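What follows is each chain in one-letter form.
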Amino acid sequence: MATICNVSEEKALEIKKLQFTYASADEPSLKEISMPIAKNSVTALIGPSGCGKSTLLRSINRMHDLYPGNKYEGEIIYNGRNILDAKEDLINLRINIGMIFQKPTAFPMSIMDNVAYGLKLQGIKNKTELKDRVEKALTDAAIWKEVKDRLKHDANGLSGGQQQRLCIARAIAVEPEILLFDEPTSALDPISTQGIEELVTELKEKVSIVIVTHNMQQAARVSDYTGFMYLGELIELGKTEELFVTPAEKLTEEYITGKFG
Amino acid sequence: MTATQKRVFVNRIVMALSTLSAGIGLFFLFWILYILVSNGVEAINWDIFLFEGAPPGYEESGLKQALVGQLIIVGIATLVGVPLGILAGTYLSEYGQKSKLAETIRDISDIMMSAPSIVVGSFVYAIMVVPMGHFSAWAGIVALTIIMLPIILRTTDDMLHLVPTTLREAAFALGAPKYKVIIQVVYRGAKAGILTGILLGVARVAGETAPLLFTSFNDNFMSTDLMEPMASLTVTMYNYATSPYEDWQRLGWAAAFILSMFILSLNILGRLVLLTKKGK
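Counting starts from 1 at the beginning of each chain's written sequence and moves along it residue by residue. Chain A is the first chain written and ligand 1 is the first ligand written, with later ones labelled in order. In keeping with the predicted nature of the model, local features appear solely for residues at pLDDT of at least 70, side-chain atom pairs appear and are counted solely at 80 or more, and the whole-chain, interface and lining totals rest on all residues. As a rule here, side-chain values cover all heavy atoms of the structure and leave hydrogens and water aside.

A. Structural view of the overall build of chain B. To qualify as a helix, a DSSP run of H or I must reach at least 4 residues; to qualify as a strand, a run of E must reach at least 2; elements of each kind are numbered from the N terminus. For chain B, the helix and strand inventory stands at 11 helices and 0 strands. Along chain B, from the amino end to the carboxyl end, the secondary structure elements read α-α-α-α-α-α-α-α-α-α-α. Across its three principal axes, chain B shows a C-alpha extent of roughly 65 × 65 × 40 Å. Using the Shrake-Rupley algorithm and a 1.4 Å probe, accessible areas are obtained, with residue cover drawn only from the displayed protein chains. Accessible surface computed for chain B: about 15200 Å², of which carbon and sulfur atoms make up 71%. Taking the average place of the 19 positive charges on the side chains of chain B and the average place of its 18 negative ones, the gap between the two points comes to 21 Å. In this tally Asp and Glu are treated as negative and Lys and Arg as positive; neither His nor the chain ends contributes. By convention, the point assigned to a charge is CZ for Arg, NZ for Lys, CD for Glu and CG for Asp.

Below, the structure is given as structure tokens:
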């Protein structure tokens, strides 16, 4: 069975025996996954393609609910409640648990409107408040200096790395408690990647972060905890420095030493 | 001949053939435009906009009734057809998706798009003109709306489909409800495509004659009563162009010219709107 390390910090989330089955599949894509997500830390999920790491990430904000027929079993405990419950308010859940995607997803509108989007959804109409919070979010996402003179410009005119930081600004503007990153740098150049990684490490002061990455070095650089997944199962969750140096499971060792993947 | 020489040769042939084909297409296009403009400009004067139709030989004859009628019929058909088409297309792309109902609607709409417009005309004739006992502008409006609907529906469906799924997911991930995702993100992303669909639809029905011949029919005098027959540029053009009188034929050319300019300016307007939106 899986080796799960102790998490000394407070827990942001507790995943309990999570099974997930896609509408078109007979077999579950996630098999009885149990793991804690530590508060104000970065938890990385690694594993070969198709191991279910993105599927797990997308269960946490219930992205799978956008497509009919997908099925969850088990529990994800957040703030004392099971968010897989049918009665869970998904709009509210997604305000508290934000997501950054693989490809930058700048909306076809101005930079200002992009960042203000989530705030406006929450009914904030006061222009000064909107401006202040947009500035704060852009500053926190380390992009304010680059865009402050062109807030009214179309966001699609920004470079890929800038767009990704804009998306991060948009996600943190609504002040979520948890941020989910789904391979956020796989479409970016090395310099932009470095910028995003630095940002992730800074952001954990305010939010708890789960990041899916196909890049083991990235997991080693940014995360406090790393989970290794294989064929829909969580094989090992450990403190990052321990998992990469002295993995408890043979499979983990084989993966991080490049024997398969 | 070596393999390289052969490739270069084939390459040249393909380029020459495609250039020639493009040239043939352009030749006929410019020929049509030349004939249209040379005859149209000659026929056009202020009287056309000031006077209604008159018997042949009258000095004071014009196309006022046809211009007004055209604007009313096409205008109302657009007002009804565009929102219907966009909403139906939205249903297909965002709600129905690949369901049986959605696929059936897509198939039927494709059939309707290729149905001859005269068939639509005779359908409206049977369901509206015959029971009412007379031609009416309303019947023409209904016929044009039916022709416009599948064009706008399908382009909206296709264009919304091109908006990346991740963009929708990103909006949902911020806690947006579905209708806001559609209106604020998906529509914006597909704006240019939807506008093109609307312009195609309006341009298509603005040039229709057959379905109006036996629905809104024609009127030589000004009328704004939708319950009565109403003149349109296309039907008037047809009547005048096939008449033996030279001054009527001149009016026919004027109608053709005005109609073409109307459709051309619709296209230019659409592009301008898109350009200014992009600039912001």
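Don't stop here, the text continues.
B. Expanded view of empty space enclosed by the protein. A 1.4 Å probe that fits but cannot get out identifies a cavity on a 1 Å grid over protein atoms alone, an open set with protein on both sides within 12 Å along at least five of seven lines counts as a pocket, and a residue lines either if it has an atom within 4 Å of a point. Grid points are joined across faces, edges and corners, and a volume is the space filled by probe spheres set on the points. In total, this model carries 1 cavity of 30 Å³ or more according to the counting rule given. What the largest cavity holds in volume is close to 80 Å³. Taken together, Met99, Ile100, Phe101, Thr105, Gln164, Cys167, Arg170 and Ala171 of chain A together with Ala170, Ala173 and Leu174 of chain B form the lining of the largest cavity. Looking at the lining of the largest cavity, the elements with two or more residues in it are strand 7 (97-100) and helix 6 (160-173) of chain A together with helix 7 (165-173) of chain B. A total of 4 residues in the lining of the largest cavity trace back to one element, the largest contributor, which is helix 6 of chain A. Of the residues contributing to the lining of the largest cavity, the split by class is 8 nonpolar, 2 polar and 1 charged. Under the grouping applied here, Gly and all other residues not named as nonpolar or charged are polar, the nonpolar ones being Ala, Val, Leu, Ile, Met, Phe, Trp, Tyr, Cys and Pro and the charged ones Asp, Glu, Lys and Arg.

C. Examining the pattern of salt bridges more closely. We count a salt bridge whenever a side-chain nitrogen from Lys or Arg sits within 4 Å of a carboxyl oxygen from Asp or Glu. Tallying each qualifying case throughout the model produces 20 salt bridges over all chains. Arg133 of chain A is the partner of Glu175 of chain A in a salt bridge, and the nearest nitrogen-oxygen pair spans 3.9 Å. With Glu175 of chain A in the loop between helix 6 and strand 8 (178-182) and Arg133 of chain A in helix 4 (residues 127-140), this pair connects stretches of sequence that are 42 residues apart. Among the salt bridges present, the one from Glu197 of chain A reaches Arg221 of chain A, with a minimum N-O distance of 2.7 Å. Residue Glu197 of chain A is found in helix 7 (residues 190-203), and its partner Arg221 of chain A is found in helix 8 (residues 216-222); the two are separated by 24 residues along the sequence. With relative accessibility at 9%, the residue Glu197 of chain A sits in the buried group. Shared partners join several salt bridges into a network, and the residues in it are Glu103, Arg106, Asp110, Arg154 and Asp157 of chain B. Burial classification: accessible surface area is computed with a 1.4 Å probe over protein chains only, and a residue below 20% of its type maximum counts as buried, one above 50% as exposed, and the rest as partly exposed.

D. Layout of the interface of chain A and chain B. Pairs of residues are marked as contacts when any of their non-hydrogen atoms sit within 4.5 Å. In this assembly, 24 residues from chain A lie in contact with 19 residues from chain B. Counting the surface lost from both chain A and chain B, the interface buries some 1800 Å², and carbon and sulfur atoms represent 67% of this. Here's the idea: put two parts together, see how much 1.4 Å probe accessible area each one loses, and the total over both is what we call buried area. Together, Pro108, Tyr117 and Leu121 of chain A form the three largest contributors to the area buried by chain A at its contact with chain B, with a combined 29%. Where chain A packs against chain B, one counts 1 salt bridge. The definition of a polar contact used here is a pair of N or O atoms within 3.5 Å, where within protein one atom must be able to donate a hydrogen and the other to accept one, and adjacent residues in sequence count solely through side-chain atom pairs. At the boundary of chain A with chain B, the tally comes to 3 residue pairs in polar contact (both at pLDDT 80 or more). For the side of chain A that touches chain B, a count of residues per class yields 15 nonpolar, 4 polar and 5 charged.

E. Structural view of the domain arrangement of chain B. All names here are of chain B. Domain delimitation follows an automatic or database domain assignment. Parsing chain B into structural domains produces domain 1 (3-43) and domain 2 (50-279). The straight-line distance from the C-alpha centre of domain 1 to that of domain 2 is 30 Å. Across the boundary between the two partners, domain 1 contributes 7 residues, which contact 6 residues of domain 2. Contact between domain 1 and domain 2 buries roughly 630 Å² in total, counting both sides, with carbon and sulfur atoms accounting for 81%. Sorting the residues of domain 1 by area buried against domain 2 places Leu36, Asn39 and Ala43 first, and these three jointly supply 65% of that buried surface. Counting across the domain 1 and domain 2 interface gives 0 salt bridges. Counting the contacts that link domain 1 with domain 2 gives 1 residue pair in polar contact (both at pLDDT 80 or more). Counted by class, the side of domain 1 that touches domain 2 contains 5 nonpolar, 2 polar and no charged residues.

F. Broad picture of helix 3 (residues 111-121) of chain A. The buried fraction of helix 3 of chain A is high, at 9 of 11 residues. Listed as buried for helix 3 of chain A are Ile111, Met112, Asn114, Val115, Ala116, Tyr117, Gly118, Leu119 and Leu121 of chain A. Check the buried side of helix 3 of chain A and you find it contacts helix 4, helix 5 (144-147) and helix 6 of chain A together with helix 7 and helix 8 (178-206) of chain B. Just downstream of helix 3 of chain A, Gly123 of chain A is the residue with a positive phi angle, here 90°.

G. Fine view of the sheet that holds strand 11 (residues 233-239) of chain A. All names here are of chain A. Whether two strands pair comes down to DSSP finding at least two bridges between them. With mixed pairing, the 7 strands of this open sheet are ordered in space as 1-11-10-4-9-8-7. Each edge of the open sheet is held by one strand with a lone partner, namely strand 1 (3-4) and strand 7. Where strand 8 meets strand 9 (residues 208-212), 5 bridges bridge the pair, whose relative direction is parallel. Of the residues in strand 9, the one forming a bridge with Leu179 is Ile209. Throughout, an axis means a line fitted to C-alpha atoms (over the contacting stretch in the case of helices), and angles, computed between N-to-C directions, take values from 0 to 180 degrees. Across the sheet, helix 1 (residues 53-60) lies against strand 4 (42-46), strand 7, strand 8, strand 9 and strand 10 (225-230), angled at about 150° from strand 8, the strand it touches most. Sheet strands touched by helix 6: strand 7 and strand 8. Its angle to strand 7, the strand with the most contacts, is close to 175°.

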